[in-house]
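Overview (structure and organization)
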Amino acid sequence: MLRPSHALATLLAVTVPTTGFAAASPQSFKGEYTVSFLGLSVAKATFSSRYEGDTYAINGTVSAAGLAKLFDDTKGTISSKGTISGQQMRPQVFRADYTSGKKASTVDIRFANGGVASTEVVPVPKKRDPKSWVPVGDGDLKSVLDPMAATVIHADSLDKVCGRTVKFYDGEMRANLTLTYASKGSISVPGYKGDTVTCKMGFEPVAGYRKGRKALEFLKNKSRMTVTFAPLGQSGVYAPIRATVGTQIGPLTISARRFEAVE
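Keep in mind it's a predicted model, so treat the numbers as computed, not measured.

1. Topic: the overall build of the protein chain
The helix and strand tally for the protein chain stands at two helices and 16 strands. The buried share of the protein chain, reckoned over its 263 residues, is 49%. A sequence separation of at least 24 residues applies to 55% of the contacts in the protein chain between residues at least 6 apart. Counting only carbon and sulfur atoms, one obtains 51% of the accessible surface of the protein chain, whose full area is about 13,000 Å².

2. Considerations on the packing of aromatic side chains
Taken as a whole and judged by the stated rule, the model has one aromatic pair. On the numbers, 5.9 Å between centres and 70° between planes, the contact of Tyr192 with Phe259 is edge-to-face. A residue pair is termed long-range when its members are at least 10 positions apart, and Tyr192 in strand 12 (residues 192-207) and Phe259 in strand 16 (residues 250-262) qualify at 67 residues. Residue class for Phe259 comes out buried when judged on its relative accessible area of 2%. Sitting above the plane of the Trp133 ring, Arg128 keeps its charged end 4.3 Å from the centroid.

3. Considering the environment of Thr46
Tracing the backbone through its elements, the reader meets Thr46 in strand 2 (residues 40-53). Overall, the relative accessible area of 27% leaves Thr46 in the partly exposed class. Each C-alpha atom, one on Thr46 and one on Lys30, is 7.5 Å from the other, the two residues being 16 residues apart in sequence. Thr46 has contacts with Lys30, Gly31, Glu32, Asn59, Gly60 and Thr61, leaving out every residue within four places of it along the chain.

4. Description of the state of the cysteines
Under the counting rule described, the total for this entry stands at one disulfide. Between Cys162 and Cys199 runs a disulfide, and the two sulfur atoms are separated by 1.9 Å. Judged by the torsion about the S-S bond (-85°), the Cys162/Cys199 disulfide is left-handed. Of this pair, Cys162 sits in the loop between strand 9 (153-154) and strand 10 (164-169) while Cys199 sits in strand 12, and the two are 37 residues apart along the sequence. As far as the burial class goes, Cys162 and Cys199 line up, both buried.

5. So, the side chain of Glu260
The topology assignment puts Glu260 in strand 16. Residue contacts for Glu260: discarding those within four places in its chain leaves Phe29, Lys30 and Gly191.

6. Some thoughts on the confidence of the model for the protein chain
Predicted confidence across the protein chain gives a mean pLDDT of 84, with 86% of residues reaching 70 or more. The weakest mean pLDDT in the protein chain belongs to helix 1 (residues 4-14) at 45; the strongest belongs to strand 8 (residues 133-134) at 96. A low-confidence stretch, residues 1-24 stays under pLDDT 50, and its non-local contacts, those more than four residues away or across chains, total 91 contacts.

7. A short note on the environment of Arg213
Note on placement: Arg213 falls in the loop between strand 13 (209-210) and helix 2 (214-221). Spatially, the C-alpha atoms of Arg213 and Ser132 are 9.6 Å apart, while their sequence positions differ by 81 residues.

8. Quick word on the pairing of strand 3 (residues 55-64)
For a regular strand, side-chain orientation follows a simple rule: the groups alternate between the two sheet faces. Where strand 2 lies against strand 3, ten bridges are found, and the strand directions are antiparallel. Note that in strand 3 the partner of Tyr51 across the bridge is Tyr56. For strand 3 and strand 4 (residues 74-85), the ladder comprises nine bridges, and the chain directions are antiparallel. Note that in strand 4 the partner of Ile58 across the bridge is Ser80.

9. A look at the pattern of salt bridges
As enumerated under the stated definition, the model contains ten salt bridges in all. The salt bridge involving Asp108 is made with Arg110; its shortest N-O contact spans 2.7 Å. Across the pair Asp156 and Lys160 runs a salt bridge, and its minimum N-O distance is 3.9 Å. Salt bridges here are not isolated pairs; linked through shared partners, they connect Arg95, Asp97, Asp108 and Arg110.

10. Points about the pairing of strand 11 (residues 174-189)
One ladder, built from six bridges, connects strand 10 with strand 11; its direction is antiparallel. Bridging across to strand 11, Val166 finds its partner in Leu177. Two successive antiparallel strands, strand 10 and strand 11, enclose a turn made up of four residues, where Gly171 displays a positive phi of approximately 105°. Two elements, strand 11 and strand 12, share 15 bridges in a ladder whose sense is antiparallel. Residue pairing for strand 12: Ser183 is matched across the bridge by Thr198. What sits between strand 11 and strand 12 in their antiparallel hairpin is a turn of two residues, with Gly191 showing a positive phi close to 100°.

Rules behind the numbers
- Every chain is numbered independently, its residues counted from 1 as its sequence is written.
- With the structure being a predicted model, the display of local features is reserved for residues of pLDDT at least 70 and the display and counting of side-chain atom pairs for 80 or more, all residues being used for whole-chain, interface and lining totals.
- Note that water and hydrogens are dropped before the side-chain values are worked out from all heavy atoms of the structure.
- Helical segments are the DSSP runs of H or I of at least four residues, strand segments are the runs of E of at least two, and each set is numbered from the N terminus.
- Each residue gets one of three labels from its accessible area relative to the maximum for its type: buried under 20%, exposed over 50%, partly exposed in between, using a 1.4 Å probe on protein chains only.
- Contacts were defined at the residue level, with two residues in contact if any of their heavy atoms lie within 4.5 Å.
- Here the Shrake-Rupley method, with its probe set to 1.4 Å, supplies the accessible areas, and only the displayed protein chains count as covering residues.
- Between the rings of Phe, Tyr and Trp (Trp by its six-membered ring), a pair exists once the centres lie within 6.5 Å; its type follows the angle of the planes, with under 30 degrees stacked, over 60 edge-to-face, and the other angles tilted.
- Put simply, a charge is over a ring when the Lys NZ or the Arg CZ is close to the ring centre, within 6 Å, and near the line of the ring normal, within 35 degrees.
- Disulfides are defined as cysteine sulfur pairs within 2.5 Å.
- The pLDDT value expresses, per residue, how confident the predictor is, ranging between 0 and 100.
- Two strands are said to pair when DSSP picks up at least two bridges between them.
- A pairing counts as a salt bridge when a side-chain nitrogen of Lys or Arg comes within 4 Å of a carboxyl oxygen of Asp or Glu.

Here is the structure:
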């Protein structure tokens, strides 16, 4: 598992919206989010995305907020670029640059031929104990998405958003996220008012993690995780507008405070 500051950036990335579709003309979207833990604000994020033809570019910022800044003043930028083929996102480059106090870190992932071509993590992770570490193999990195592209759901309707598995790679861990139908509803936030669908989310670590880690075991076997999706216009793309993740010491909630198409 990555360092705490990297884990925060990754969690934000996999629960904020991006979109992907072959647009006849350039289209742009913006999402602003707050992250709360036990009812207290701990982080905020802003993401913007632009789609032109069969290409996409997504940029975002994340930062600690509220009481969390007293313990871990994390700030960072995240970006993803790639192409769109049919209903599939095909990332080309993912990069996360962030600081935690005076410590700077970078994750740079390059893709080619539908898989991961290279990964650079700075500082370089410490040497792993082969007795407890599950290494990432070449076969694990085929047909995977980066943390930004992994949030995209392209579906014909709200009824078909859930019922899928997303292969996810954050630069160190390879995991599967499974979405199963939970309920329908509606929501109103600046920029959007309308129908939503909520999926239960399952977490399955595949490689790039230490066996027996209690936090991962909890996420896999005990955590209650849900993601609520809303449509982005008439694009056929659905993006998260709210998510909850149960942790060992309480729930983490990510909520959109703005969710809109922009000029």
